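Chain residues, written in single-letter form:
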Amino acid sequence: MNQTFTNSTNPVEKQFGFWARIPLRQKLLAGFGLLFVFALIIAVIALYGLNQVQAQYEDALEQGVEMRRLSALLNSELLTARRNEKNFLLRWRLEGFEKAYVNYITPYLQNIATMRGQINSLAPFASVIETAETGGYTKAQYEADLATLNHHIDTYETSVKNLVAAISQKGSIDTGFEGEFRTAAQSIADKISDRSGLEDIEITYLQIRRAEKDYLERGASGYVYVEEVKTLVVLFKVQVTESELIQPKEKEELRALANKYQSAFDNLVKLDQEIEIHNSELINASRAVEPLAEKITNTGAQLGAEKTAQARSLSNQIITITVIIVIAVLGISMLLAFTISRQISAPIVALTHTAQEISLGKFETQADVISSDEIGVLAGTFNAMTARLRDTLETLNQRATQLATVAKISTGTATIRDTYQMLLSAVQLTQRGFNLYHAHVFTYNKDDEQLHIVACGYKEGDEHEGTHGTTAIPLKQEQSLVARAGRTRKPVIVNDVRSDPGWLPNPLLPDTRAELAVPMVVGDELMGVLDVQADHINAFDDEDANIQMTLAAQIATALQNTLSYSSAKSQADLEMMVNTIGQKIQRAGTLEDTLQIAVRELGLALGASRVKANIQSARQESANDNKN
């Protein structure tokens, strides 16, 4: 039973009258219009207060907080620069001087440049220091601290550059002074190693190298090994001079190499002392930066705290005034909300009642559109949604009917053993069950690679009903929807065949406007193509293709079963005929009876009007062959 509501008896319109015809937006605008005045007052007060608070906080951010941020970044860059400097000193031997310079000294120089930029950014805050309560910290002191910071950073940078230059001059295994004395030592080793009678000289050489290694491992703290190297070099030269196993010319070469070794080693020791001085300078310079940066950070914190306290005090005053006004406005708002909600809720209740009716399956129920506001629009939209829901249910019912038709066709063809009758029944049921203009089925012949028409389903009473023609379409033919479906093994939908260049017209079907061709496939084997046609455009969609694909698969399976049954039956009939003829021949008494039985039975089995048997001996056959 459908329920509707009429305007003449609707209590909502009677109660609200003109109000029901006002759009919801205007209702809310009118209802909350009074609140706008109070909101305006709140806005003016809040805006003034917020501007003041914002100004205070901006001062805090731009001055104290910014100073803290910049000084913190300065400290961070200093730590990063120290880390790059230390990484270079620790890893230049392992990575090589050039690579270590690129990896650590280049970023170090960038850190120094960033620190200078941050000091320049801190300079404008000198004027703020002069007016703030910073515990006696004056503008002049602040500027002096920034100048001192710049000086220490310059000293730090210069010390690192001098240190790097000294390390470059010092070299490593095969470069600089270290490379020179190692080369000289290796030349000495080549001349005295494994020579009989020079064991004492070789031992002294090894002691020199041991003392050298001890010094290199301990650096400046291993100065005692420097003296040991000098003493052993002198001893080495004396031993070379006194040796009777070394030629005079070779003695001169060894003493020259020893002097070269000693000179290079002394230069390296001197350079290590310079490196130690540079290292001490850079440590002192970097340490001097830290307290100054910390001092500026604390000054920024003081400025930030002072400005923030002022902003907080003003903010509390504004909040107190705003809270009082907001409470008053909330009271009025609640009263207005209660009044307006009653006027809005009644139409919604009516719409809810209609929705409940529809939820019970009464899709013919319509919601009355009793106003022109948004609720009225909602009611109209609700009615449109209900209409679409009805259409959807009808579509679902139609699909269910189609699936039932597929099941009916499958059931009807499952028991038919004759291939032609089975296919004819399938296309006729398809045409009638789906109310189509025409349906026909092609079977695929692997030998000639053609699709042969087997059965056609015309409209009931059509003059061509019961015929199917002899059409054969090559599978490779481009102008054919049927061939295309067979090649691609996919459905082919053309909803306006007259505009499709691949459509092959049939003079017996002049009213065809839309066509759907689906392949009949079992496993990977193409059995044929089911082709259905409609006499109006846009007749088929993907859902129709899925339905017809399901039907085509069942027809293909039925066709395969029918062909298998026919093949098996033919084989069984042949075997039975051969068995029957054999039994009759076995009961014959003479050769002549045997021949007569064989000829007669074969003639009956083959349907021949005349059967002749020719028998001759092997000798006669040989003679005939010789004549030929």
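Quick caveat, the model's predicted, so the values are computed rather than measured. (Residues numbered from 1 in each chain as written. Predicted model: local features only at pLDDT ≥ 70, side-chain atom pairs only at ≥ 80, totals over all residues. Heavy atoms only, no water.)

J.: Would you take a moment to explain the overall build of the protein for this structure?
T.: Secondary structure summary: the protein contains 16 helices and six strands in total. Residue burial in the protein is summarised as follows: out of 628 residues, 37% are buried. Long-range contacts, defined as pairs at least 24 residues apart, comprise 67% of the intrachain contacts of the protein with a sequence gap of at least 6. Counting only carbon and sulfur atoms, one obtains 55% of the accessible surface of the protein, whose full area is about 35700 Å². (Helix = DSSP H or I, 4+ residues; strand = E, 2+ residues; numbered from the N terminus. Buried < 20%, exposed > 50% of the residue type's maximum accessible area, 1.4 Å probe, protein only. Contact = heavy atoms within 4.5 Å. Areas by Shrake-Rupley, 256 points an atom, 1.4 Å probe, with all protein chains shown as cover.)

J.: I'm lost on the sheet that holds strand 5 (residues 514-522) in this one. Help?
T.: The strands making up a sheet associate through hydrogen bonds between their backbones, and the pairing can be parallel or antiparallel. With respect to topology, six strands assemble into an open sheet ordered 3-2-1-6-5-4, the strand pairing being antiparallel. Two strands close off the open sheet at either side, each with one partner strand: strand 3 (472-474) and strand 4 (492-494). Between one strand axis and the next, the sheet turns by 20 degrees as a mean value, whatever way the strands run. By the bridge criterion, nine bridges tie strand 5 to strand 6 (residues 525-534) in an arrangement that is antiparallel. (Pairing = 2+ DSSP bridges. Axes fitted to C-alpha atoms, helices over the stretch in contact; angles between N-to-C directions.)

J.: Is there a simple way to think about the packing of aromatic side chains in this case?
T.: Describing an aromatic ring pair means giving the distance of the ring centres and the angle of the ring planes. Under the definition given, this model contains four aromatic pairs. With 6.2 Å between their ring centres and 35 degrees between their planes, Phe 97 and Tyr 101 make a pair best called tilted. Here Phe 97 pairs with Tyr 101, and both are found in helix 4 (residues 97-122), just four residues apart, close to one helical turn. Consider the rings of Tyr 261 and Phe 265, whose centres lie 6.2 Å apart with planes at 10 degrees: the pair is stacked. Remark: Phe 265 and Tyr 261 occur in helix 10 (residues 248-359); sequence separation between them is four residues, near one turn of the helix. (Phe/Tyr/Trp six-rings, centres within 6.5 Å; stacked < 30°, edge-to-face > 60°.)

J.: Any chance you could explain the nonpolar core here in plain terms?
T.: Across soluble globular proteins, nonpolar side chains have a tendency to be buried as a group. Counting residues in each nonpolar core, the largest one holds 67 residues, and the members touching the most others are Phe 88, Tyr 142, Tyr 156, Phe 236 and Tyr 261. Not counting residues within four places of it along the chain, the set of residues in contact with Tyr 156 comprises Leu 78, Ala 81, Arg 82, Glu 85, Tyr 108, Ile 112, Leu 282, Ala 285 and Ser 286. Core analysis: the next-biggest nonpolar cluster, separate from the first, contains 30 residues, Ala 426, Val 441, Ala 534 and Ile 555 among them. (Core = buried A, V, L, I, M, F, W, Y, C linked by side-chain atoms within 4.5 Å.)

J.: I tried to follow helix 7 (residues 176-192) on my own but got confused; where do I start?
T.: Side chains that are three or four residues apart share a direction in an α-helix, a result of its 3.6 residues per turn. With 17 residues, helix 7 should reach 24 Å at 1.5 Å per residue; the first-to-last C-alpha distance of 25 Å fits that figure. What helix 7 keeps buried is the set Phe 177, Glu 178, Gly 179, Phe 181, Ala 184, Ala 185, Ile 188, Ala 189 and Ile 192. Residue Asp 194 follows helix 7 closely and has a positive phi angle near 60 degrees. (Expected span 1.5 Å × (residues − 1).)

J.: Which parts of the structure should I look at to understand helix 8 (residues 199-218)?
T.: Here helix 8 contains 20 residues, and its C-alpha end-to-end distance of 29 Å stays within 8% of the 28 Å for a straight helix at 1.5 Å per residue. Residues Ile 201, Thr 204, Tyr 205, Ile 208, Ala 211, Glu 212, Asp 214 and Tyr 215 constitute the buried set of helix 8.

J.: What's the story with the side chain of Glu 77 in this structure? I'm lost.
T.: Take Glu 77: it is sitting in helix 3 (residues 33-95). The buried charged residue Glu 77 lacks any salt bridge, with Arg 83 as its nearest oppositely charged partner at 8.4 Å. Residues within four places of Glu 77 in sequence aside, it is in contact with Asn 111, Thr 114, Met 115 and Gln 118. (Lys, Arg positive; Asp, Glu negative; His and termini not counted. Salt bridge = Lys/Arg side-chain N within 4 Å of Asp/Glu carboxyl O.)

J.: Help me out: how do you make sense of the pairing of strand 1 (residues 438-445) in this one?
T.: Put simply, side chains in a regular strand alternate between the two faces of the sheet. Among the eight residues of strand 1, seven are classified as buried, and the element is accordingly described as predominantly covered. Between strand 1 and strand 2 (residues 450-457), which pair antiparallel in sequence order, lie four residues; one of them, Glu 449, sits at a positive phi of approximately 50 degrees.

J.: When you look at the pattern of salt bridges in this model, what are you seeing that I'm missing?
T.: Any two side chains of opposite charge can pair, given that their charged atoms come close. All chains considered together, the criterion is met by ten salt bridges. With a shortest N-O distance of 2.6 Å, Arg 116 and Asp 154 are connected by a salt bridge. One end of the pair, Arg 116, is in helix 4; the other, Asp 154, is in helix 6 (residues 139-170), with 38 residues separating them in the sequence. According to the relative accessible area criterion, Arg 116 is partly exposed, its value standing at 25%. On the accessibility criterion, Asp 154 (34% relative accessible area) is partly exposed. Where Glu 157 meets Lys 161, a salt bridge forms, and the shortest distance between an N and an O atom there is 3.3 Å. In this pair, Glu 157 and Lys 161 both sit in helix 6, four residues apart, roughly one turn of the helix. The exposure class of Glu 157 is buried, given its relative accessible area of 12%. Of the residues examined, Lys 161 reaches a relative accessible area of 44% and is grouped as partly exposed.

J.: Just to check I follow, could you spell out the packing of helix 7 against helix 8 for this structure?
T.: To characterise two packed helices, one gives the angle between the axes of the helices and the distance between these axes. In contact at an axis separation of 11 Å, helix 7 and helix 8 are set at 160 degrees when each is read in the N-to-C sense. In terms of orientation, helix 7 lies roughly antiparallel with respect to helix 8. Where helix 7 crosses over helix 8, the handedness of that crossing is left-handed. Contacts between helix 7 and helix 8 involve Glu 178, Phe 181, Arg 182, Ala 185, Gln 186, Ile 188, Ala 189 and Ile 192 from the first element and Ile 201, Glu 202, Tyr 205, Arg 209, Glu 212 and Leu 216 from the second. When grouped by side-chain class, the residues that make up the contact of helix 7 with helix 8 number eight nonpolar, one polar and five charged. (Parallel < 35°, antiparallel > 145°, perpendicular 65-115°, else oblique. Left-handed = near helix turned anticlockwise from the far one by under 90°. Nonpolar A, V, L, I, M, F, W, Y, C, P; charged D, E, K, R; others polar.)

J.: Looking at this structure, how should I read unusual backbone geometry?
T.: One can expect most non-glycine residues to show negative phi and most peptide bonds to be in trans. Although it is not a glycine, Asp 194 sits at a positive phi angle of roughly 60 degrees. Exposure remark for Asp 194: the relative accessible area of 76% places this residue in the exposed category.

J.: Is there a simple way to think about a nonpolar patch on the surface in this case?
T.: Residues Phe 36, Val 37, Leu 40, Ile 41 and Val 44 make up a contiguous nonpolar surface patch of roughly 480 Å² in combined accessible area. Its location among the elements puts Phe 36 in helix 3. (Patch = residues over 30% accessible without salt bridge, like charges linked within 9 Å, V, L, I, M, F, W, Y side chains within 5 Å.)

J.: Would you mind showing me how to read the pairing of strand 6 here?
T.: Counting buried residues along strand 6, nine of its ten residues qualify, which places the element largely inside the surrounding structure. The sheet contact formed by strand 1 and strand 6 spans six bridges and is antiparallel. Residue pairing across strands places Val 441 opposite Leu 530, the latter belonging to strand 6. Hairpin connection between strand 5 and strand 6: a loop of two residues separates the two successive antiparallel strands, and Gly 523 in this loop has a positive phi of roughly 65 degrees.

J.: Hey, could you run me through the environment of Leu 436 in this one?
T.: On the secondary structure map, Leu 436 appears in the loop between helix 12 (419-433) and strand 1. Sequence spacing of Leu 436 and Val 532 is 96 residues, and the spatial spacing of their C-alpha atoms is 7.1 Å.

J.: Before we go on, may I ask you to explain the packing of helix 4 against helix 6 in this structure?
T.: Two elements in contact, helix 4 and helix 6, have axes separated by 10 Å at closest approach and are oriented at 170 degrees. Classified by the angle between their axes, helix 4 and helix 6 sit roughly antiparallel to one another. Partitioned by chemical class, the residues of the contact of helix 4 with helix 6 number 17 nonpolar, two polar and four charged.

J.: When you look at the environment of Val 529 in this model, what are you seeing that I'm missing?
T.: For Val 529, the location among the structural elements is in strand 6. Judged by its relative accessible area of 0%, Val 529 is buried. Separated by 47 residues in the primary sequence, Val 529 and Val 482 place their C-alpha atoms 6.5 Å from one another. Once residues lying within four places of it in the same chain are set aside, the contact partners of Val 529 are His 440, Val 441, Phe 442, Leu 451, Val 482, Ala 485, Gly 486, Ala 517, Val 518, Pro 519 and Met 520.

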